[in-house]
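Spelled out, the chains give:
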Amino acid sequence: MPDDPIQETIATYDAAAAAFADRTCGLDLEAQLARLAARLGLGARVLDVGCGKGAFTARLKENFPAYRITGVDIAPTAIKKARQEYGHLGIEFITLDVREYQNMADRAGKDFGLVVMSDIMWYVLPEFEKMVRYLDRIIAKGGWLLISQSFCQPEEQKYGSDIVSSPQEMMRLIPYRVVEMIEANRFSNHHAVILYQV
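Computed from a predicted structure; not experimentally measured.

1. What about the overall build of the protein chain?
When helices and strands are counted, the protein chain shows eight helices and seven strands. Taking the contacts inside the protein chain whose residues are at least 6 apart along the sequence as the reference set, 66% of them involve residues at least 24 apart. When the accessible surface of the protein chain is summed, it comes to about 9700 Å², and 51% of that surface belongs to carbon and sulfur atoms.

Shown next, in the form of C-alpha cells:
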C-alpha cells in the first residue's frame, strides 16, 4: 500500500470496486429528483459525486434523458465498470478523488444545475465541510444540492463522530438554504435526504 493516505484510500476502494453492490437509492431520493425535474429544465447538467459503478447515475439518465450527466468516483475500477455498463447512455464517467475538491471544476466542469451526493460524507471526512463549501463554484446560481446520507446510532458510530454524529450536525456544516429534509429509520440507523438551494 502507498504511504500517502489519499493514495491508500484510492487503492482500497479501487481494489474493492468489483465487489461493491450497485448503488441504489431510496424512494425519498427518487421522489425529490422527480420534483426537481421541472425546476431544472431541459439540458441541465447533473453531477453524481461518488457514482460507484454507475447504477444510480444510469437511472438518472434513463429517467431524465435530456440532462447532461457526469458521474465521478475515486475508484478507477468502478469508473471502468460504469463506462462499460452505461457508457452507451451518453453519461460521462470520470475518475476523481473529490477530497481534492479544488480540481473538481477543472476535471468535471462547472454550471451544474444539480449535484447529487449519496453516502459519501464518511469517505471524505474531515474535508467534507470544505468540499461542500467549494460546490458553489461548480453549481450554477440558484442550482441544487441533494444529499442522501446514512448515520449509525451514536453508540455505534466509530469513525467521524467527533465531527458529525447526526443529520442536524451535518446540516450545520453546509452553508446553503435547506429546501426540504426527510429522515427515515429514526429508531435504528438514521437516513437523511436533504435538498439545498445554492
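Further notes follow.
2. Remarks on the side chain of Asp73
Here Asp73 is to be found in strand E2 (residues 68–73). Classification of Asp73 by relative accessible area gives buried; the value is 9%. From its side chain, Asp73 meets the backbone nitrogen of Cys51 in a polar contact 3.4 Å long. One polar contact links the side chain of Asp73 to the main-chain amide nitrogen of Gly52, over a distance of 2.8 Å. Those residues in contact with Asp73 that lie beyond four places of it in its chain are Gly50, Cys51, Gly52, Ala78, Ile79, Ile94, Thr95 and Leu96.

3. A few points about the nonpolar core
Ranked by internal contacts, the top residues of the largest apolar core, which has 37 residues, are Met104, Met117, Phe128, Ile138 and Leu145. Where this core is concerned, the elements lending two or more residues are strand E1 (45–49), helix H5 (104–108), strand E4 (112–118), helix H6 (121–124), helix H7 (128–134), strand E5 (139–151), helix H8 (167–172) and strand E7 (190–197). For Leu145, the residues in contact, after removing those within four places along its chain, are Leu114, Val115, Met117, Val132, Leu135, Ile139, Ile174, Tyr176, Ile194, Leu195, Tyr196 and Val198. Counting 24 residues, the second-largest nonpolar core is a separate cluster that includes Leu33, Leu40, Phe64 and Val193.

4. Some remarks on unusual backbone geometry
That bond from Leu125 to Pro126 is cis: its omega, 5 degrees, falls within 30 degrees of zero. Here Pro126 lies in the loop between H6 and H7. Although it is not a glycine, Asp111 sits at a positive phi angle of roughly 60 degrees. Checked against the element boundaries, Asp111 lands in the loop between H5 and E4.

5. Structural notes on the confidence of the model for the protein chain
Averaged over every residue, the pLDDT of the protein chain is 82; residues scoring 70 or more account for 81%. Residue range residues 16–27 is modelled with pLDDT below 50. Its contacts to residues more than four positions away, or to other chains, number 24 contacts.

6. Focus on helix H4 (residues 76–86)
Looking only at H4, the buried set comprises Ala78, Ile79, Ala82 and Tyr86. For H4, the angular spread of the buried residues around the axis is 95 degrees, confining them to a single face. Seen from the buried face of H4, the exposed residues on the opposite side, beyond 90 degrees, are Lys80 and Gln84. Buried-residue contacts for H4 involve helix H3 (55–63), E2 and strand E3 (92–95).

7. Here's the deal with the environment of Val46
You can see Val46 is positioned in strand E1. Using a relative accessible area of 1% as the deciding quantity, one classes Val46 as buried. A C-alpha to C-alpha distance of 6.2 Å links Val46 and Arg68, two positions 22 residues apart in sequence. Residues within four places of Val46 in sequence aside, it is in contact with Leu60, Tyr67, Arg68, Ile69, Thr70, Phe112 and Leu114.

Each value, and the rule that gives it
Per chain, the residues get numbers from 1 upward, laid out in the order the sequence is written. Under the rules for a predicted model, residues below a pLDDT of 70 receive no local features and side-chain atom pairs below 80 are neither given nor counted, while totals for whole chains, interfaces and linings still include all residues. The side-chain quantities take in all heavy atoms of the structure and omit both hydrogens and water. Strands are runs of DSSP state E lasting at least two residues, helices are runs of H or I lasting at least four, and both sets are numbered from the N terminus onward. Here a residue-residue contact requires only that any non-hydrogen atoms of the pair lie within 4.5 Å. Areas reported as accessible are Shrake-Rupley estimates using a 1.4 Å probe. Residue values count occlusion only from the protein chains shown. The buried label goes to any residue with under 20% of its type's maximum accessible area, the exposed label to any with over 50%, and the partly exposed label to all in between, with areas taken from a 1.4 Å probe on protein chains only. Counted as a polar contact is a pair of N or O atoms within 3.5 Å, where, for protein atoms, one must be capable of donating a hydrogen and the other of accepting one, and residues adjacent in sequence contribute only when both atoms are in side chains. Within this scheme, the nonpolar core is defined by two criteria: the residues are buried Ala, Val, Leu, Ile, Met, Phe, Trp, Tyr or Cys, and they are joined through side-chain atoms within 4.5 Å. For every residue, the predictor reports its confidence as pLDDT, a number between 0 and 100. Arc definition: directions from the helix axis to the C-beta atoms.

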